[in-house]
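Here are the chains, one letter per residue:
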Amino acid sequence: MTEEILRVRGLRKRFPGVVALDGVDFDLRPGEVHVLLGENGAGKSTLIKMLSGAYHPDEGQIFVDGREAAIRTAEDAQRHGVATIYQEFNLVPQLTVAENLMLGRPPRRFGIVDKKAMYRHARELLDRVGVDADPRAPLESLGIARMQMVEIAKALGLRARVLIMDEPTAVLTTSEVERLFAIVRQLKRQGVAIVFITHHLEEIAQIGDRVTVLRDGASVAEVPADTPEDELVRLMVGRSIEQQYPRERSTQGAPLLEVRNLTREGVFEDVSFEVRAGEVVGLAGLVGAGRTEVVRAIFGADPYDSGEVLVDGRPLPRGKVTAAMEAGLGLVPEDRKGQGLVLGASIRENLGLVTMRRATKAGFVDRAGQAKAAARVAEQLGVRMSGLGQEVRTLSGGNQQKVVIGKWLLADAKVLILDEPTRGIDVGAKVEIYQLINSLTAGGHAVLMISSDLPEVLGMSDRVLVMARGRLTGELSAAEATQDSVMALAVGELEETA
Ligand SMILES: Nc1ncnc2c1ncn2[C@@H]1O[C@H](COP(=O)(O)OP(=O)(O)OP(=O)(O)O)[C@@H](O)[C@H]1O
Ligand SMILES: [Mg+2]
């Protein structure tokens, strides 16, 4: 007899050049939220992929309801009542929201897809997660946070006994996280067992019951969810981490990025600011305030109607990414999968995307030099990989993010725009990225950072700009910027010109 719904013993999994799992034990009870915690590349996603039939273990056993189970396919997992929300969305951007919600099992009447029933059912599922989206709209029109809520709605539609969520909150806003937690609590009460992966330590005590810590592919501890955060960190990285936000101010020079009266009708209006050499400027605001839209326009990825962008004193042509890159502008986008990486290419190729372009244009490609530089950057960022030839697709989520950042480090961008740079990055690696930002500004580069993580914005910015509803609502010095002062501007309370 056992009360566990799922029991994992001695799971091992090897990939060419890496041992991803090296002996994992894990228990899951009905009605609990079991958190999986571990550094980028520790093996969390690999473990859940074995539970959902996407990967097969080399060794070890999985028991469902006390009986050994062979979960070989997604159908096997579904038969056992296991549903998974992947870190890398399993959705098809070009299909409609409704089609995604019913991927592979649309309602049929007389053998043909019953569209009416499909849209109705889709509407019900969307209502359950509180997403106001048209089931007929293409999924890609939703934006990344709402896409994630669709992923959750889809799993709910499967009526699972075990629901696995791989970093569901990474792309959600505070209010969406609250909505997700309300859904999770409701599912708990119905006896659903939940596996929950997150890099946001504060969420663990809020929603979790137990925590299994993975380190280098092995389960090293199982502790209650109210274990103090510093203890969790110690279990996870094997040491304690000091100084979450070690911003070191550097001397400021001339403005490297100047944005003047930038306007895109209906999206943002009259946005003006500058970022100086040696400076980190934070761009805060609620999701939907227009921050991503503004930086995409600056970078030339989206058009704008009027205004001007200057890099190092020279105006940039509108809507030309290549010109922006050549002028020394870099953008780490919020959607690394869609815009930051070539998934089928190697780490080396991805790191070299910008520099190789330049070299090819200049007519001289120093392949050996490129490879050396790529190796140095990968080392600097602590990318966990089997080698530079590894396909980016097979890197863990956090390590993919490091590659996107590394691409611009290698390109030596004068002005680096970071849109949610530490999304999916573990606590230890975050500090490394902050240190990189410090060394960039010490070297005379300028950094513009969008982040929804307020402590991060406050901790790392020399100056904070705040946006609300497509406009800049205020500017705060590092000394003036607090949780409250930023939030007040973010909801558009102060300095409002009605
Ligand atoms: N298909 C694959 N081929 C080769 N290596 C792989 C493959 N899938 C995973 N790996 C490797 O296995 C290791 C564990 O990766 P995994 O994705 O499980 O990490 P994770 O704990 O989920 O990390 P993160 O927090 O960054 O998402 C990594 O070194 C990764 O590169
Ligand atoms: Mg992962």
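Conventions used here
Residues numbered from 1 in each chain as written. Chains lettered and ligands numbered in written order. Predicted model: local features only at pLDDT ≥ 70, side-chain atom pairs only at ≥ 80, totals over all residues. Heavy atoms only, no water. Pairing = 2+ DSSP bridges. Helix = DSSP H or I, 4+ residues; strand = E, 2+ residues; numbered from the N terminus. Axes fitted to C-alpha atoms, helices over the stretch in contact; angles between N-to-C directions. Contact = heavy atoms within 4.5 Å. Nonpolar A, V, L, I, M, F, W, Y, C, P; charged D, E, K, R; others polar. Domains from an automatic or database assignment. Salt bridge = Lys/Arg side-chain N within 4 Å of Asp/Glu carboxyl O. Polar contact = N/O pair within 3.5 Å; in protein donor to acceptor, adjacent residues only side chain to side chain. 1 Å grid on protein atoms, 1.4 Å probe; cavity = no way out; pocket = protein on both sides within 12 Å on 5 of 7 lines; lining within 4 Å. Points joined across faces, edges and corners; volume = space filled by probe spheres on them. Core = buried A, V, L, I, M, F, W, Y, C linked by side-chain atoms within 4.5 Å. Buried < 20%, exposed > 50% of the residue type's maximum accessible area, 1.4 Å probe, protein only. Phe/Tyr/Trp six-rings, centres within 6.5 Å; stacked < 30°, edge-to-face > 60°. Lys NZ or Arg CZ within 6 Å of the ring centre and 35° of its normal.

### Describing the pairing of strand 13 (residues 255-264)
Remark: a regular strand shows side chains that alternate across the two faces of the sheet. Sheet topology places strand 13 next to strand 14 (residues 268-276); six bridges connect them, and they run antiparallel. For leucine 262, the partnering residue across the bridge sits in strand 14 and is valine 271. Two elements, strand 13 and strand 16 (residues 306-311), share five bridges in a ladder whose sense is antiparallel. Looking at strand 16, one finds that valine 259 is bridged to valine 309.

### A closer look at the packing of helix 13 (residues 353-362) against helix 15 (residues 397-411)
In the contact formed by helix 13 and helix 15, the axes pass within 7 Å of each other and the chain directions differ by 35°. Facing Leu353, Val354, Thr355 and Arg358 of helix 13, the residues of helix 15 in contact are Lys407, Trp408, Leu410 and Ala411. For the contact of helix 13 with helix 15, a count of residues per class yields five nonpolar, one polar and two charged.

### Focus on the domain arrangement of the chain
Often, the extent of an interface is quoted as the loss of accessible area upon association of its parts. Each domain of the chain was delimited in the assignment, giving domain 1 (6-237) and domain 2 (255-490). Domain 1 and domain 2 are separated by 29 Å when their C-alpha centres are compared. The interface of domain 1 with domain 2 comprises 19 residues on the first partner and 19 residues on the second. Where domain 1 meets domain 2, there are one salt bridge. Of the charged contacts, one joins aspartate 216 and arginine 384 as a salt bridge, the two residues approaching to 3.3 Å between their closest N and O atoms. Scanning the region where domain 1 abuts domain 2 turns up six residue pairs in polar contact (both at pLDDT 80 or more).

### Points about the layout of surface pockets
Any empty space left between the atoms is revealed when a probe the size of a water molecule rolls over them. In this structure, the second largest pocket encloses a volume near 750 Å³. Contributions of two or more residues to the lining of the second largest pocket are made by strand 2 (18-28), helix 1 (44-51) and helix 15. Taken together, the residues of the lining of the second largest pocket sort by class into twelve nonpolar, 16 polar and seven charged. Counting contributing residues per domain, the lining of the second largest pocket is built from domain 1 (6-237) and domain 2 (255-490), each supplying no fewer than three.

### Description of the nonpolar core
Side chains of a nonpolar character, in soluble globular proteins, are inclined to be buried together. Counting 67 residues, the largest nonpolar core has Leu257, Ile298 and Leu329 as the members making the most contacts within it. Among the elements that take part in this core, helix 15 stands out by supplying seven residues, more than any other. Apart from residues lying up to four places away in sequence, leucine 329 is in contact with Leu257, Ile298, Phe299, Val311, Leu316, Ala324, Trp408, Ala413, Val415 and Ile417.

### Thoughts on the sheet that holds strand 10 (residues 193-197)
Spatially, six strands are ordered 6-9-10-3-11-12 in an open sheet, and the strand pairing comes out mixed. Here the strands that pair on one side only, and so sit at the sheet edges, are strand 6 (82-85) and strand 12 (218-224). Going across the sheet, the axis of each strand differs from the next one's by a mean of 20°, ignoring polarity. As paired elements, strand 11 (residues 210-215) and strand 12 share six bridges and run antiparallel to each other. In the sheet register, threonine 212 faces strand 12, and the bridge partner there is glutamate 222. Taken strand by strand, helix 5 (residues 144-157) contacts strand 6 and strand 9 (162-166), and its axis lies near 175° from that of strand 6. Docked against the sheet, helix 8 (residues 229-237) engages strand 3 (33-37), strand 11 and strand 12, running at close to 35° with respect to strand 11.

### Quick look at the side chain of lysine 430
With respect to the helices, strands and loops of the structure, lysine 430 is situated in helix 16 (residues 427-442). Discounting chain neighbours no more than four positions away, the residues touching lysine 430 are Thr422, Ile425, Asp453 and Glu456.

### Brief notes about the pattern of salt bridges
This structure, assessed with the given rule, holds 27 salt bridges. Note that glutamate 4 is salt-bridged to arginine 7, the shortest N-O span being 4.0 Å. With relative accessibility at 22%, the residue arginine 7 sits in the partly exposed group. When the shortest N-O distance is used, the salt bridge between arginine 234 and glutamate 231 registers 3.1 Å. Here glutamate 231 and arginine 234 lie together in helix 8, a separation of three residues that amounts to about one turn. By sharing partners, the salt bridges in this structure join Arg12, Asp22 and Glu59 into a single network.

### Examining the packing of aromatic side chains
Each aromatic ring pair is characterised by the separation of its centres together with the angle its planes make. One pass over the full model with this rule turns up three aromatic pairs. Relative to tyrosine 55, the ring of phenylalanine 15 lies with its centre 5.2 Å away and its plane at 70°, an arrangement referred to as edge-to-face. Of the two residues, phenylalanine 15 sits in strand 1 (residues 6-15) while tyrosine 55 sits in the loop between helix 1 and strand 4 (59-64), which places them 40 residues apart along the sequence. Residue classification places phenylalanine 15 among the partly exposed positions, given a relative accessible area of 27%. The exposure class of tyrosine 55 is partly exposed, given its relative accessible area of 27%. One Lys or Arg, arginine 7, reaches over the ring of phenylalanine 63 and ends 4.8 Å from the middle of that ring. It is arginine 136 that lies over the ring of tyrosine 119; its NZ or CZ is 4.0 Å from the centre.

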